[in-house]
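In case you want the letters, here they are:
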Amino acid sequence: MADLQTQIHELGRRARRASRLLAHAATAQKNAALLAMADEMVAAQTAILAANAHDLAAAQANGLAVAMMDRLRIDEKRLRKMADDVRAVAALPDPVGRVLREWTHPNGMTHTKLSVPLGVIGIIYESRPNVTSDAASLCLKTGNAVILRGGSESLQSNLAIGAALSRGLAKVGLPADAIQLIPVADRAAVKFLCGMDEFVDLIMPRGGRGLIETVVSHARMPVIKHYDGICILYVDREADLAMAETIALNAKCQRPSVCNAIETVLVHREVAAQFFAKTGRALLERGVSLRLDDASRAALGALDASSATKVTAAQPADYRTEFLDLILAVKVVGSLDEALEHIAANGSHHSDAIITANAATAERFLAEVDSATVYWNASTRFTDGGEFGFGAEIGISTDKLHARGPMGLEELTTYKYVMRGTGQVRS
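I will try to describe carefully the structure that is included in this document. (Residues numbered from 1 in each chain as written. Predicted model: local features only at pLDDT ≥ 70, side-chain atom pairs only at ≥ 80, totals over all residues. Heavy atoms only, no water.)

### Brief notes about the pairing of strand β4 (residues 145–149)
For a regular strand, the rule is simple: side chains alternate between the two faces of the sheet. Across the 5 residues of β4, 5 count as buried, placing the element largely inside the fold. Both faces of β4 are covered, namely the face carrying A145, I147 and R149 and the face carrying V146 and L148. By the bridge criterion, 5 bridges tie strand β3 (residues 120–125) to β4 in an arrangement that is parallel. Residue pairing across strands places I121 opposite V146, the latter belonging to β4. Running through helix α7 (residues 155–172), the crossover from β4 to the neighbouring parallel element strand β5 (residues 179–181) is right-handed. (Buried < 20%, exposed > 50% of the residue type's maximum accessible area, 1.4 Å probe, protein only. Helix = DSSP H or I, 4+ residues; strand = E, 2+ residues; numbered from the N terminus. Pairing = 2+ DSSP bridges. Right-handed = clockwise from strand over helix to strand, strands pointing away.)

Following this line, the structure appears as structure tokens:
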């Protein structure tokens, strides 16, 4: 255990040293490194896919949930997308060194508010190996060194990706220690990383509530997080029901294992019968299990034997659960007020949407729902750094301080004040 602590401490020391060099790297050099990193990932396809196959086999043998298996899996298409996301970051403006504000003191001294890197960022995540390249690319572009600790189920995949990224860094002469992976699965590594406030400036956990609570309980530095992705869709009484069906199916079924998929649908009672006649049955046909309150079950009506097995009575906890699977909690509400109250009491402040043709109703929903992202007539699946035009994201924050929603380049910088004088002293 002492040896592991020493190992993690050394990673932190090297990251701090690399961060000082990286903070002053030219934009052109950082972009060249990102393009080289993307090329090395593609060149290492055989090794990365083989490592991922090893992880998948072990995960299946250990009974990893289907949703987590989907997050873990890399194929040629996903690997190309990962490389393209790194290239997209290279194409984005460099947020470091931006002048945010300038003014002159009455005594003639100038003040400049300047964007600068955060320093060293620790990222702890589960299953999804694409986080390795996303996080590394965003941190590099913003001049931050990063220490990555992926889940044990994706260790071999992460190490293979990390090796490719390191080769890209080396090609342009940037410090290899700017991107480091913790190479062991020992859970004690998380505690040691969280305790290194002398080296690490910010910790970001990406994963389930258990992981996030562990990080929060041990961290000696600021933590940016989201506990759950309990995203809620409200179908208003003035909704276009064909649109509601399309959006509900996309937001639940396109990729149910991700945090921006909906977990609850609220339906206004005036359109419940019509909604369930089409959308409810369409969800069942797509393999979604429905957890319904009494009014929803009555509106759904009679079912054939196979569909009936996918319908159960909703429990209060179902409306506060991130299923990450083809499971959906549904409730009939009598008003917009009731929908807003439900979201405030049960949502996770991640992503919530309303379907309505009434602009005043929509604007009230957008104003009163206190979530990181809110939508009118659109799927919550757009809560994503790439979809927001950020190139990639380092995570999605439901916190309110420093960053909220998908975290791209700007959210990985802070600022400092630079004063230039000619001998001024304070009287």
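On we go from here.
### Side note on the state of the cysteines
What makes a disulfide is a covalent bond joining the sulfur atoms belonging to two cysteines. Under the criterion given, the structure shown has 0 disulfides. For C194, which is in no disulfide, the shortest distance to another cysteine sulfur is to C139 and amounts to 16 Å. C194 gets classed as buried once you look at its relative accessible area, which sits at 0%. Sulfur of C253: no disulfide; nearest cysteine sulfur belongs to C231 and is 14 Å away. (Disulfide = S-S within 2.5 Å.)

### Some details on the pairing of strand β9 (residues 289–292)
Going residue by residue along β9, you find L290 and L292 tucked away on one face and S289 and R291 left uncovered on the opposite face. Two elements, β9 and strand β11 (residues 327–333), share 4 bridges in a ladder whose sense is parallel. Across the sheet, S289 pairs through a bridge with I327, a residue of β11. Across 3 bridges, the pairing between β9 and strand β10 (residues 311–313) is parallel. Residue L292 lies in a different strand from β10, and its bridge partner there is A313.

### Observations regarding unusual backbone geometry
Of note in this structure, L324 is not a glycine but carries a positive phi near 55°. Tracing the backbone through its elements, the reader meets L324 in the loop between β10 and β11. Residue L324 is classed as buried on the basis of its relative accessible area of 18%.

### Structural notes on a nonpolar patch on the surface
Together, L100, Y415, Y417 and M419 make up a nonpolar patch on the protein surface, roughly 400 Å² of accessible area in all. The leading source of residues in the nonpolar patch is strand β16 (residues 413–420), at 3 residues. Among the secondary structure elements, L100 is positioned in strand β1 (residues 99–104). According to the relative accessible area criterion, L100 is partly exposed, its value standing at 38%. (Patch = residues over 30% accessible without salt bridge, like charges linked within 9 Å, V, L, I, M, F, W, Y side chains within 5 Å. Areas by Shrake-Rupley, 256 points an atom, 1.4 Å probe, with all protein chains shown as cover. Salt bridge = Lys/Arg side-chain N within 4 Å of Asp/Glu carboxyl O.)

### With respect to the layout of surface pockets
One number sums up the size of the largest pocket: a volume of about 1,200 Å³. Sorting the residues of the lining of the largest pocket by element identifies α4 (66–72), α5 (76–91), α6 (130–141) and α9 (209–218) as the ones contributing at least two each. It is α5 that contributes the most residues to the lining of the largest pocket, 5 residues altogether. When its residues are assigned to classes, the lining of the largest pocket shows 14 nonpolar, 13 polar and 19 charged. Taken as a whole, the second largest pocket holds about 360 Å³ of empty space. Every residue lining the second largest pocket is counted, 17 residues in all, and those nearest its centre are E126, R149, G151, R187 and L211. Mapped by element, the contributors of at least two residues to the lining of the second largest pocket are α8 (188–194) and α9. It is α9 that provides the largest number of residues to the lining of the second largest pocket, a total of 4 residues. When grouped by side-chain class, the residues that make up the lining of the second largest pocket number 6 nonpolar, 6 polar and 5 charged. (1 Å grid on protein atoms, 1.4 Å probe; cavity = no way out; pocket = protein on both sides within 12 Å on 5 of 7 lines; lining within 4 Å. Points joined across faces, edges and corners; volume = space filled by probe spheres on them. Nonpolar A, V, L, I, M, F, W, Y, C, P; charged D, E, K, R; others polar.)

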